[in-house]
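Residue-level structure breakdown
This is what each chain is made of:
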Amino acid sequence: MSSLDEISKTNFTSEIINAVEPSALHLIGEWEFWLYSVVLGCVIMLTLSVFGIIGNVLSIIILTRHGLNETTNIFLISLSISDFVCSTCSLFRGLRTIVASFGLVVMLNFELLADLLNHVTEITVLVSILHVTSISVERVVAVSFPFEVAKIFTRYRVKCVVIFLYVYGILLYAPSFLCHYVKWEYDPSVNASLGIWTYTDILLNNIDVFKLYSVLFLTISLIVLPLTLTLICSFIIILQLQLLKNKALSKNSSSQVKERKVVKMLLILCCLSVFAFLPSSILDLYTVFSGFERHSSFFRFVVILSPVLYQVNASINFIIYITMSSKFAETYKSLFKSK
């Protein structure tokens, strides 16, 4: 192994260890800790990302075949597009471990791209959360006011809402791009110019403002509040479904049964999003208000686990659709039937 490769592996191992908790080395050892991070951050992340890319492409194709007459389809197609972008960007996160074996220069240049795409991932996560909240609100209206939902959620309005969700998420996240810039420096030891992300003067001079904005405003307005609303809507949907079930035990029509299946499918989608996104956000807020040690082992574990949970959420929707929607499953099968 060349000295450059040794530097690469040493730096990368240190990066993984420092990203979690340096003091944890005396508990499990450097190699075990590195291997654990590779399994979670590379193997699992890559597997989920590839599945997410394929699953979301199939979802977009199938949902598009169903048409845009149903407003729920518009939300789901847009959600699949957002999850596809998230899965594609997460693929680069998972490739970091593999790229590190090609040497320090390649690793650092790849890190620049991966960190840039990480911003895109965070935007798509925020947009996905807003989509799920919109779906939960639309379903609450559908089960509570079935004769009014078509008047409230028209195709034109839903398309406008979808566009707004992307614009809203991007604009609120935009100040985060002012925090870092790429600084290029020539390193004679490797005879190459290396680029690293560096804090901007704007961030350094206004660190408290950026911290309040990112941790409090973004976390509360784009994650905690939307997911709390999703949770409330989910409870309302569960109650409404139970009431409808009790009222219609003797007169269940096939259309009512199908409608309840669709609602249950979307309810599971909403609950999974809450499970994936809410815990880490609550922990972020807790560390701000309580002074909880952000460098503790538990906090660092959540930091590493959170992207995996985000990717699970971005990858699992296809499985939910195909197992709980007979229409989706039939269209999927028709894609592979020989003509």
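Residues numbered from 1 in each chain as written. Predicted model: local features only at pLDDT ≥ 70, side-chain atom pairs only at ≥ 80, totals over all residues. Heavy atoms only, no water.

1. Quick notes on the overall build of the protein chain
A count of helical and extended segments in the protein chain gives 12 helices and two strands. Ordered by position from N to C terminus, the α and β elements of the protein chain give α-α-α-α-α-α-α-β-β-α-α-α-α-α. Per-residue burial for the protein chain yields a buried fraction of 45% across its 339 residues. Intrachain contacts of the protein chain at a sequence separation of at least 6 include 74% that bridge at least 24 residues. Accessible area of the protein chain: about 18,100 Å², with a carbon and sulfur share of 69%. (Helix = DSSP H or I, 4+ residues; strand = E, 2+ residues; numbered from the N terminus. Buried < 20%, exposed > 50% of the residue type's maximum accessible area, 1.4 Å probe, protein only. Contact = heavy atoms within 4.5 Å. Areas by Shrake-Rupley, 256 points an atom, 1.4 Å probe, with all protein chains shown as cover.)

2. Considering the nonpolar core
Buried together is how nonpolar side chains tend to be arranged in soluble globular proteins. Ranked by internal contacts, the top residues of the largest apolar core, which has 24 residues, are Leu-76 and Tyr-321. Every element with two or more residues in this core is listed here: α3 (30-66), α4 (71-99), α5 (104-144), α7 (155-173), α10 (254-290) and α11 (297-324). The element contributing the most residues to this core is α4, with five residues. Excluding anything up to four places from it in sequence, Tyr-321 contacts Ser-59, Leu-63, Leu-76, Leu-79, Ser-80, Met-265, Leu-269 and Phe-328. (Core = buried A, V, L, I, M, F, W, Y, C linked by side-chain atoms within 4.5 Å.)

3. Section: the pattern of salt bridges
In this structure the tally under the stated criterion is two salt bridges. For the salt bridge of Arg-139 with Glu-138, the shortest nitrogen-to-oxygen distance reads 3.0 Å. Across this residue pair, the class does not change: Arg-139 and Glu-138 are buried. Note that Glu-185 and Lys-183 form a salt bridge whose closest N and O atoms lie 3.2 Å from each other. (Salt bridge = Lys/Arg side-chain N within 4 Å of Asp/Glu carboxyl O.)

4. Brief notes about the environment of Tyr-166
For Tyr-166, the location among the structural elements is in helix α7. Here the alpha-carbon distance between Tyr-166 and His-131, two residues 35 residues apart in the chain, equals 9.3 Å. For Tyr-166, the contacting residues outside a window of four places in its chain are Ser-78, Ile-81, Ser-82, Val-127 and His-131.

5. Remarks on the pairing of strand β2 (residues 192-199)
Inspection of the sheet shows strand β1 (residues 180-187) paired to β2 by eight bridges, in the antiparallel sense. The residue of β2 that forms the bridge with Asp-187 is Ala-192. Between β1 and β2, which follow one another and run antiparallel, lie four residues, and Asn-191 among them has a positive phi close to 55°. (Pairing = 2+ DSSP bridges.)

6. Looking at the confidence of the model for the protein chain
When pLDDT is averaged across the protein chain, the result is 78; 79% of the residues are at 70 or more. Looking at the elements of the protein chain, mean pLDDT is at its lowest for helix α1 (residues 3-20), recorded as 37, and at its highest for α7, recorded as 92. Scored below 50 in pLDDT, residues 1-29 shows 46 contacts in the model against residues more than four places distant or in partner chains. (pLDDT = per-residue confidence, 0-100.)

7. Remarks on the state of the cysteines
Counted under the stated rule, the structure contains zero disulfides. Of all cysteine sulfurs in the structure, the one in Cys-89 sits closest to Cys-86, which takes part in no disulfide; the separation is 7.2 Å. (Disulfide = S-S within 2.5 Å.)

8. Concerning the packing of α4 against α7
In contact at an axis separation of 9 Å, α4 and α7 are set at 20° when each is read in the N-to-C sense. On the basis of the axis angle, α4 is roughly parallel to α7. Judged by the twist between their axes, the crossing of α4 over α7 is right-handed. Facing Thr-71, Ile-74, Phe-75, Ser-78, Ile-81 and Ser-82 of α4, the residues of α7 in contact are Arg-155, Val-158, Lys-159, Val-161, Val-162 and Tyr-166. Along the lines of polarity and charge, the residues of the contact of α4 with α7 split into seven nonpolar, three polar and two charged. (Axes fitted to C-alpha atoms, helices over the stretch in contact; angles between N-to-C directions. Parallel < 35°, antiparallel > 145°, perpendicular 65-115°, else oblique. Left-handed = near helix turned anticlockwise from the far one by under 90°. Nonpolar A, V, L, I, M, F, W, Y, C, P; charged D, E, K, R; others polar.)

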